Amino acid sequence: MFKRINRLAIDLPVLKEGDPNAAAAVQELLGGRFGEMSTLNNYMFQSFNFRQKRKLKPFYDIVASITAEEFGHVELVSNAINIVLSGSTKPGNPNKTPLHVGVNARNTYHFIANAQTTVVGDSMGRPWAGDYVFNSGNLVLDLLHNFFLECGARTHKMRVYEMTDHPTARAMIGYLLVRGGTHVLAYSKALEIATGVDVTKMLPIPNLDNRAFETARKFEDQGLGHILYTWSDNDYKDIGLIWSGKHPGDGKPLEVKQGTPEGHPIPDLDDLPEEFAPGISKEDFMAIVRRLQKNAGL
């Protein structure tokens with residue numbers, strides 16, 4: 001089972017002006033082949049289908065716990081896209097084309113279908129596909145795939161970072177570069193234990209330190225590149241049998257933390273009358289309040 005906490009991994013900056021084309025690029029980090037939808041679903045189904053969970057518990061625990069973190073990453077990228085889109089249009093007479101900016105946006109679907117919010121697709125508008133999930137049933141092969149997947153995801157984050165200077169997008173990417181780096185290292189250490197091969201000698205891929213990215217530095221300074229969370233109050237403790245020793249980059253100790261990070265408030269999107277979203281007028285709202293009071297016996 002999964003326990004949901006109404007918090008976001010980091011505090012995202014909110015700007016008054018939107019950047020639809022930046023949002024289109026960031027979509028790759030959500031619904032692309034190497035996006036967060038892919039990391040989530042790869043690890044989730046591998047954990048569901050894992051054979052000999054008790055016998056190979058440290059490996060099962062690390063895939064299962066990272067699965068839970070990936071839910072939060074999907075949530076984070078989605079909120080970042082929503083914020084980057086916010087402020088793109090203003091309310092107006094429908095005969096005056098208040099959504100005209102959407103005509104020249106790279107992803108018109110943001111304006112036509114989703115009221116300027118996240119779509120489950122990539123930077124070119126293609127929907128996320130289930131065949132992005134790799135689950136061979138072979139432990140070493142799946143771990144090797146996960147290592148490759150995280151390196152691919154890191155590459156795409158670095159490139160999208162260089163495509164846009166939008167503060168929300170860059171804050172999100174800086175954080176995910178650091179957290180994704182922990183997952184790359186986690187899978188490389190798991191492969192080392194499973195095979196005896198020191199995969200950590202290949203890191204980082206691409207060969208550029210996270211500190212080269214300005215918005216990643218504060219998360220590195222917080223030690224987030226050295227911490228794996230269990231994302232559970234009581235389970236998945238055996239990740240400590242894999243996530244131990246020192247970081248190959250700076251020699252600092254690796255740390256397992258039981259539970260979840262504290263998190264930050266979820267952004268609350270304003271209404272968009274020009275998109276008929278959420279489509280609740282002041283009169284509708286007051287009627288809803290009265291019905292809620294009646295149901296509560298007030």
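The structure this text deals with has already been given above.
This write-up is about the structure you can find in this document. Given the structure is predicted, the values throughout are model-derived calculations rather than measurements.

1. Quick look at the overall build of the chain
Counting its secondary structure elements, the chain contains 9 helices and 2 strands. Across the chain, helices and strands are ordered from the amino to the carboxyl terminus as α-α-α-α-α-α-α-α-β-β-α. Scaling as 2.2 N^0.38, a compact globule of 298 residues should have a C-alpha radius of gyration of about 19 Å, and the chain matches this with 21 Å. Relative to its full complement of 298 residues, the chain shows a buried share of 46%. For the chain, long-range pairs separated by at least 24 residues make up 77% of all intrachain contacts whose partners lie at least 6 apart in sequence. Carbon and sulfur atoms make up 54% of the accessible area of the chain, which amounts to about 15700 Å² in all. Taking the average place of the 32 positive charges on the side chains of the chain and the average place of its 34 negative ones, the gap between the two points comes to 3 Å.

2. Some details on helix α6 (residues 139–163)
The end-to-end C-alpha separation of α6 is 36 Å, in line with the 36 Å expected for 25 residues at 1.5 Å each. Its side-chain oxygen at 3.3 Å from the backbone nitrogen of Val 140, Asn 138 defines the N-terminal cap of α6.

3. A short note on the packing of aromatic side chains
Considering all chains together, one arrives at 10 aromatic pairs under this definition. Feature note: the residues Phe 50, Tyr 60 and Tyr 236 constitute an aromatic cluster, connected by ring pairs.

4. Focus on the environment of Thr 89
Mapped onto the elements, Thr 89 comes out in the loop between α4 (57–85) and α5 (109–112). With 155 residues separating them along the chain, Thr 89 and Ser 244 place their C-alpha atoms 49 Å apart. Apart from residues lying up to four places away in sequence, Thr 89 is in contact with Pro 98, Leu 99, Val 101, Phe 111, Gln 116 and Glu 274. For Thr 89, the side chain forms a polar contact with the side chain of Gln 116, separated by 2.8 Å.

5. Things to note about the side chain of Asp 61
In this fold, Asp 61 is placed in helix α4. The exposure class assigned to Asp 61 is buried, which follows from its relative accessible area of 1%. Within polar-contact distance, the side chain of Asp 61 engages the side chain of Lys 57 at 2.7 Å. What Asp 61 contacts, discounting residues up to four positions off in sequence, is Tyr 236, Lys 237, Asp 238 and Ile 239.

6. Here we look at the nonpolar core
Grouped together as the largest cluster of nonpolar side chains are 37 residues, with contacts concentrated most on Leu 12, Leu 76, Val 77 and Met 172. Among the secondary structure elements, those contributing two or more residues to this core are α1 (20–26), α2 (28–31), α3 (36–48), α4, α6, α7 (167–195) and β1 (227–229). Of all the elements, α4 adds the most residues to this core, at 8 residues. If we skip the residues at most four places from it in the chain, Val 77 touches Val 26, Leu 29, Leu 30, Glu 36, Met 172 and Leu 176. Grouped together as the second largest cluster of nonpolar side chains are 26 residues, Phe 59, Tyr 187, Leu 191 and Trp 243 included.

7. Quick word on the pattern of salt bridges
Tallying each qualifying case throughout the model produces 8 salt bridges. Here Lys 3 and Asp 233 are joined by a salt bridge, their closest N and O atoms 3.6 Å apart. Taken together, the residues span a long stretch of sequence, with Lys 3 in the segment before α1 and Asp 233 in the loop between β1 and β2 (255–257) at a distance of 230 residues. Between Asp 61 and Lys 57 there is a salt bridge; the shortest N-O distance is 2.7 Å. Here the residue Asp 61 and the residue Lys 57 both occupy positions in helix α4, the gap between them amounting to 4 residues, near one helical turn. Owing to a relative accessible area of 30%, Lys 57 belongs among the partly exposed residues under this scheme. Here the salt bridges share partners, and the residues they tie into one network are Lys 57, Asp 61 and Asp 238.

8. Notes on the environment of Ala 80
In this structure, Ala 80 sits in helix α4. C-alpha of Ala 80 to C-alpha of Ala 23: the two residues are 57 residues apart in sequence and 8.3 Å apart in space. The contacts of Ala 80, once residues within four sequence positions are left out, are Leu 12, Thr 168 and Met 172.

So, how was this worked out
- Residues numbered from 1 in each chain as written.
- Predicted model: local features only at pLDDT ≥ 70, side-chain atom pairs only at ≥ 80, totals over all residues.
- Heavy atoms only, no water.
- Helix = DSSP H or I, 4+ residues; strand = E, 2+ residues; numbered from the N terminus.
- Rg over C-alpha atoms; globule rule 2.2 N^0.38 Å.
- Buried < 20%, exposed > 50% of the residue type's maximum accessible area, 1.4 Å probe, protein only.
- Contact = heavy atoms within 4.5 Å.
- Areas by Shrake-Rupley, 256 points an atom, 1.4 Å probe, with all protein chains shown as cover.
- Lys, Arg positive; Asp, Glu negative; His and termini not counted.
- Charge placed at Lys NZ, Arg CZ, Asp CG, Glu CD.
- Expected span 1.5 Å × (residues − 1).
- Polar contact = N/O pair within 3.5 Å; in protein donor to acceptor, adjacent residues only side chain to side chain.
- Phe/Tyr/Trp six-rings, centres within 6.5 Å; stacked < 30°, edge-to-face > 60°.
- Core = buried A, V, L, I, M, F, W, Y, C linked by side-chain atoms within 4.5 Å.
- Salt bridge = Lys/Arg side-chain N within 4 Å of Asp/Glu carboxyl O.

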